[in-house]
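Structural description and commentary
The lines below spell out each chain.
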Amino acid sequence: MKKLFQKLIVSLVIPCSTAAVAALTPYTDGYELDSQQVRMPAHSSGQVVIRMCPGCEPIIHRVNRDTQYIIAGQGVVSLEQFKSEIRREEMSFVYVGYYVDTGIASRITLAP
């Protein structure tokens, strides 16, 4: 009876622990950057290029039509509006959020 109980406990714990690990896997991640560290995509199916330092290898995330461009205080704007605003601001911060599994940028946010 004791062995049967142990097998029952093990059969219940193993699937639960696998599900718990899967639940802890991040869906999105992101970078908080100075606007000078980011090169915006040329078009809506391009890529955003991040340089953490002048000599660092670039980090590249693709963008697509679902990527949102957000300006603090204005909300979601077009890519062209975003690029215009980022050029206008001398010192601003950019958050690049991306999907961990695909690397596609989900949103790019500009804050003064």
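For the structure, see preceding data.
Residues numbered from 1 in each chain as written. Predicted model: local features only at pLDDT ≥ 70, side-chain atom pairs only at ≥ 80, totals over all residues. Heavy atoms only, no water.

What to know about helix 2 (residues 79-88)
The line we're drawing: Think of it in three bands: residues with accessible area under 20% of the maximum for their type are buried, residues over 50% are exposed, and the middle band is partly exposed, with areas taken using a 1.4 Å probe on protein chains only. Secondary structure follows DSSP: runs of H or I at least 4 residues long count as helices, runs of E at least 2 residues long count as strands, and numbering of each begins at the N terminus. For this quantity, the arc is that covered by the directions from the helix axis to the C-beta atoms. Only heavy atoms enter the contact rule, under which two residues are in contact if any of them lie within 4.5 Å.
Along helix 2, the residues classified as buried are L79, F82, K83, E85 and I86. Seen along its axis, helix 2 keeps its buried residues to an arc of 165°; they face one direction. The outward face of helix 2, more than 90 degrees from its buried face, is lined by the exposed residues R87 and R88. Those residues of helix 2 hidden inside the fold are in contact with strand 5 (68-71), strand 6 (75-77), strand 7 (93-99) and strand 8 (105-111).

What to know about the state of the cysteines
As a reminder, the rule being used: In this description, a disulfide is simply a cysteine sulfur pair whose atoms lie within 2.5 Å.
Inspection of every chain in the model, using the stated rule, returns 1 disulfide. The partner cysteine of C53 in its disulfide is C56, sulfur to sulfur 1.8 Å. Because the torsion about its S-S bond is 95°, the bridge between C53 and C56 counts as right-handed. Among the residues examined, C53 registers a relative accessible area of 30% and is labelled partly exposed. C56 sits in the partly exposed class, given a relative accessible area of 24%.

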